[in-house]
Each structure stands twice: as structure tokens, then as C-alpha cells.
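Geometric and topological summary
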Amino acid sequence: MRRDYVTAFFALMGSFLLVYILLPIFLIIGKQLLDFEMLVKTLQDELVIESLKNSFLTSTATMLISLIFGVPLGYILAREDFRGKSIVQGIIDVPIVIPHSVVGVMLLVTFSDAILDSYLGIIMAMLFVSAPFTINASRDGFLAIDERLEHVARTLGASKLKVFFTITLPLAMPSILSGAIMTWARAISEVGAILIVAYYPKTAQVLVMDYFNNYGLNVSRPISVILILLSLFIFALMRWIAGKRNVEA
Amino acid sequence: MLRLERVSRRWKDFEINNVSFEVIKGEYFIILGPSGAGKTLLLETIAGIFKPEEGDIWLEEERITDLPPEKREISYIPQNYALFPHLTVYENIAYGMRLRKFSEEEIKREVYELAEVLGIGGLLHREPKTLSGGEQQRVAIARAIAIKPKILLLDEPFSNLDIQMASKLIGEMKRWKKELEFTAIHVTHSFEEALSLGDRVGVMMKGELKQIGAIREVFSTPKSEDVARFLGYENIIEGEARGRTFYVNGIKLELPKEAKGRIRIGLRPEDIILSKKVLESSARNVLKMRVTAIEDLGSVVKVEVESSGIELRAIITRSSLLELGISEGDEIYAVFKSSAIHIF
């Protein structure tokens, strides 16, 4: 019986955070639905449409770039032992501890005009803060694969590269994809670094801040709701696709 | 056919040290040794997963020491079979053939033929995780054989199976090796596998091959004390031999043949009979001893007896123990034939 009380207590404590996450989302969506007209009007605002497009394109590009560079890095970290490996591992986690405004300043100091106010700048800011998700998830995915599978494939005649593409990568794919989705999600929620590096072209998350600063809460609300709904939808869709692959594998 | 020359390699806590042996074409070679002896490391070095730090490996007169695994034409079946979980049984078996660019038709014919011999014809569309241990093993063998390797390496292939399944598959393995005509190195710690499958055996301990020879020969005449101990001669006594008599601490034993000087003799625990009275039997060696310990090993019981500083371990059935009605401290006669004694 005692264990039941413990479980109930833990569930109660845990649900506070759950409610805390859900409440604002439901409230903002609910409030906006009462003012449906404004929502429709915002959706017709070209500035809003353009910024949404910018946000989604740059996050998707960021995700793809993180895959191209992050998967090989994850593989090396999972399979090879070398001096300074723990340092490399530490470096990958650095973006998590640096305030994002500082990230923006650092990028500008490093690349200055080359990235200022450009799509490249947005993507670079996003990549800096979100790539660790792909790297770490691919590393974990590779680590979870029994190396003997790779050894056997080698003895059956596959080169190292062939083994990677026919055995290792397909098996690590669910993990890699879930990492990539987190990268995408982190990228589209990035504001701090983008604000400093590339105020223009306008992304939706920066536009929300713009509207709030210039016109107040009520005006920034509809675009916030649109951003929430679209992000959640795509996030859920990607997880569903990845989950389906997972089941198949 | 496959020849190792003084091969040494260290990896983590394991090592193989100065290992030399040769496997003849068509032979089923057993490497027998306790766990931790370096058996898996030896197989993986032969397969090319590890490079030897010293020594050379030759396959059909070609030096393959530096060849990567994919260039060796040596198939390797690890202990857990390592079936590719994302591929069907059919695709698992076809994997090596696809890399060799066989036509779809040839692949299909070969896969079906192997599946027929190995009795897995009904499983080809299944996924590995839905298979039992025995089925997985058959698939692993099919996948390894499909590339027609020059030699097949098997790492403890029966250790993940329950006893009944293992002995059934050991029987089938005999048939497969005839039908499929492969050369194999089979690593195991099981005497049963060695005795029922092996043509020759190498006993491996602490990274070294201690003795190589025909199975019966190695089991009947172990060359050194540690091999003998591993092969089940738990009782090893050191003493003085004069002719066919062996002297130790004032006790006399009859030897199976003449010997001279300081020697060691070995005796298997199951060759010792325990009796309350002096038995009238052909066994020439009868020692009056005292029971010092009785250990329950499940279906059998190990009894330790002692006299004049000599300790012997005997294995008897549970029912004999009940019949004898002995307990620690009791006096008893240990009886064994001189032919059960092995001289080192």
C-alpha cells in the first residue's frame, strides 16, 4: 500500500510541471480563438507569411547541415578512442552553457559582415546552438549498435564504408532522426543569437518580439499562436514519421 | 591451409601469446579452453578484426596478416550470432552474395538451397528478433556459408542454447559439415562439443595453445599439468616412482606402466569409487581415507577425502551417497584402477 502513496505523491509533484507547460499554451490558443478575426487577418499579413517562411526554411536547412556534419562526428565519438576525446565531447556541449546573445556576439566578432543580416547568418546562429542535439543523438545511436554486427559484415565482404551505409546507418537512423528533430525544434525556437546576427531577413520568432516591443501583447499574440500551432504540428509530424521508421526497424 | 605463426595480440584484459597452429582443408578444428583464455580474441585476429602485434597468418599460402577482413574470405560467427536486425532472414543470408554482385537468381537459388539443408526454409521472410536461439544459429551459419568462405570461424556456437537444443544442433552440425563441406575452427569450453565434433583440438589457456593433437589423444594423454587439470584430472599427486609402484607419504599405488623418479599422476574424480568396506575387485589401488567435505553439485556429489597429506576428490551419484550414508569425518575406502591413473 505504501508504494501506492509514494507513486501518487510523485505523480502529483510531477504533474505541476506538466500543467505549467500546458497551461500557457492552452490559454494563449484559447484566448486567440475568441478573437478569431484577428487570427485570420494576421494570416493574411504578408510580413507574417514571409517571416514564417524564413523561419521554417532556415530551421530545415540547419537540420540538414547538422546531419551532414554531425553524423560523422557522432560516429567517430562512438567508435574511436583518441587522446582528447573527452575534450571534444565537452566542446560539443559548450553551446548549451553560453547565453545565446553571447553566441550572436561571438559569431559577429568572428565572421562580421559576411553573415550580418543574411539567411546565412540566421542559419549559422541556429546551427551553433542546435547542432549538439544531432551530434549527441547520433553518437548514442551508434553506441547502441553491437559492434559485432559491423565485424561480421566486414568478414562477409563489405568495406568499412559499405558497412556504415548498409548496417550502421540504418540501425542508428531512429536515434539520428530524433536528434535531427530536436535540432530543428531548437533552431526554430532560437531568438537571442539571431537577433544580434541577423535582425533581417525577418524570422517569425523575431517578428513576435518586434510586434511586442512596438505594439504590445495583443498584437504579438496572434502570430505567436500561429507559430505555436505550426511548430507543434511539424514537430509532431516528424516524430510520427521517425516513430514509424522505428517500429519498422 | 590456415597457418598461424607465433601470433601475439593483446586487447583489453585479453591476450594471445605466441600462438602457432595449422588447420587442414576440410578439417573441424576445436579450440578448447576456459573462459578468459583469449579464444574469441584469437578468432577475431584470424578474421582480421584485430591485427596481430607479432607473427603472421597464412591462408592457402597467401600471407593475410595485413589484409582487412573483407579481403580474407573467412566467415565469422560470433557467440551471439550477430544477425542484422533490420534485415529479413533472406536478406541476412544474401548479404555477402549481394556484395559480390551475384545475380538475383543465383542469390535466390543459393539462399533456398542453404535454407533447405539447414531447415530454415520457412523462416526466410521473418525478422531475426522473432527467431529462437536455435533458429538464429542456423541463419548465422547459412549467412556465413553463403559466401563460400575458405574457412568458417565459430565462437561458442552452442553456448546460448538450452542443453537439449544444443545437443540436437551438435548432432546436426555433424551432418552439415559433411553436406556443406566446410573447414572450420570452433571455439568452445565444452568437452562434449570437442569430443563429438572435433577432428583435432588445441587446448588454449591464458592466451597460449598448450597442446594440439587428435581429440582422443589430447584427452587421454594431456602433456602438462594445467591441461590435465582443465581436462578434468582434478586429482594430481606428486611422488616418487619406482617401476610400477608410486610412493607418496608412505602410501603405495600401482601405476599403469613403469616409471622412474619424481613424477606427477592424475586421476579423474569420476574414476574413484568410494566404499565402506574393502572391495573385492580388479581395482588394485585401495586407500583408507577420511571424508573432509561433501559438496552438492546437483545430480552428483563431490566428496573430498584425505589421508597422510593426500587429498582426493571423488564424484559419486546422489544415490550412492545415500547408500553409503557417509558424512564428514567418516572413514572410507577410495578405490581406483591403476589404468585410471595418468602419468605426466
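Below is a summary of the structure that appears in this document.

Rules of the game
- Position numbers for residues count from 1 along each chain, tracking the sequence in the order it is written.
- Naming scheme: in the order in which they are written, chains are lettered from A and ligands are numbered from 1.
- Local features are withheld for residues below a pLDDT of 70 in this predicted model, meaning they are given only at 70 or higher, and side-chain atom pairs are given and counted only at 80 or more; totals for whole chains, interfaces and linings count all residues.
- In computing side-chain properties, one takes all heavy atoms of the structure into account and sets aside hydrogens as well as water.
- We call two strands paired when DSSP finds no fewer than two bridges between them.
- Secondary structure follows DSSP: runs of H or I at least 4 residues long count as helices, runs of E at least 2 residues long count as strands, and numbering of each begins at the N terminus.
- Working rule for contacts: check all heavy atoms of both residues, and any pair within 4.5 Å makes them a contact.
- By buried area we mean how much accessible surface two parts lose on assembly, using a 1.4 Å probe and totalling the loss over both.
- For salt bridges, the criterion is a side-chain nitrogen of Lys or Arg within 4 Å of an Asp or Glu carboxyl oxygen.
- Aromatic rings from Phe, Tyr and Trp, with only the six-membered ring used for Trp, were paired whenever their centres fell within 6.5 Å, and each pair was classed as stacked if the ring planes differed by under 30 degrees, edge-to-face if by over 60, and tilted otherwise.
- Two conditions define a charge located above a ring, namely a distance within 6 Å from the ring centre to NZ of Lys or CZ of Arg, and an angle within 35 degrees of the ring normal.
- Three exposure classes are used, based on accessible area relative to the maximum for each residue type with a 1.4 Å probe and protein chains only: buried under 20%, partly exposed in between, and exposed over 50%.
- Pairs of N or O atoms are called polar contacts if they sit within 3.5 Å, as long as, within protein, a hydrogen donor faces a hydrogen acceptor (for residues adjacent in sequence, only side-chain-to-side-chain pairs).

Here we come to the sheet that holds strand β11 (residues 235–248) of chain B. Strand pairing in a sheet is mediated by backbone hydrogen bonds. Such pairs are either parallel or antiparallel. Residues and elements named next belong to chain B. Spatially, the 3 strands line up as an open sheet ordered β11-β12-β18, and their pairing is antiparallel. Across the chains shown, the open sheet's two edge strands, defined by having one partner strand only, are β11 and β18 (342–343). Pairing between β11 and strand β12 (residues 251–267): 13 bridges, direction antiparallel. Note on β12: the bridge partner recorded for Ile-237 is Ile-265.

Further remarks concern the interface of chain B and chain A. With 25 residues of chain B at the interface, the matching set in chain A holds 21 residues. Between chain B and chain A, a total of about 1,900 Å² is buried, with carbon and sulfur atoms accounting for 65% of that surface. Among the residues of chain B in contact with chain A, Glu-70, His-86 and Tyr-95 of chain B are the three that bury the most area, contributing 30% of the side total. One can count 1 salt bridge joining chain B with chain A. With a closest N to O distance of 2.7 Å, Arg-154 of chain A and Glu-70 of chain B form a salt bridge.

Moving on, we come to the packing of aromatic side chains. On inspection of all chains with the given rule, the structure shows 13 aromatic pairs over all chains. Between Tyr-211 of chain A and Tyr-215 of chain A, the aromatic rings sit 5.7 Å apart at their centres with planes inclined by 75°, giving edge-to-face as the arrangement. With Tyr-211 of chain A and Tyr-215 of chain A both in helix α10 (residues 204–215) and 4 residues apart, the pair spans about one turn of that helix. A connected cluster of aromatic rings, assembled from ring pairs, spans Tyr-75, Phe-142, Phe-164 and Phe-165 of chain A. Positioned above the aromatic ring of Phe-84 of chain B, the side-chain terminus of Arg-143 of chain B is 4.5 Å from the ring centre. It is Arg-242 of chain B that lies over the ring of Tyr-247 of chain B; its NZ or CZ is 4.5 Å from the centre.

Once that is clear, we can look at the pairing of strand β14 (residues 285–296) of chain B. The side chains of a regular strand alternate between both faces of the sheet. Residue and element names in this part refer to chain B. Here β14 pairs with strand β17 (residues 331–336) via 6 bridges, running antiparallel. Paired with Asn-285 across the bridge in β17 is Phe-336. As paired elements, β14 and strand β15 (residues 300–307) share 6 bridges and run antiparallel to each other. Bridge pairing in β15 links Val-291 to Val-305. The turn joining β14 and β15, which pair antiparallel and follow one another in sequence, is formed by 3 residues; a positive phi near 100° is taken by Gly-298.

Secondary-structure assignment places Lys-302 of chain B in strand β15. Lys-302 of chain B sits in the buried class, given a relative accessible area of 12%.

This next bit is on the side chain of Glu-190 of chain A. Residues and elements named next belong to chain A. Relative to the helices and strands, Glu-190 is located in the loop between α8 (160–188) and α9 (192–197). According to the relative accessible area criterion, Glu-190 is buried, its value standing at 1%. In terms of polar contacts, Glu-190 uses its side chain to reach the side chain of His-100, at 2.7 Å. In terms of polar contacts, Glu-190 uses its side chain to reach the backbone amide nitrogen of Gly-192, at 3.4 Å. In this structure Glu-190 touches His-100, Val-129 and Gln-205, once residues within four positions along its chain are discounted.

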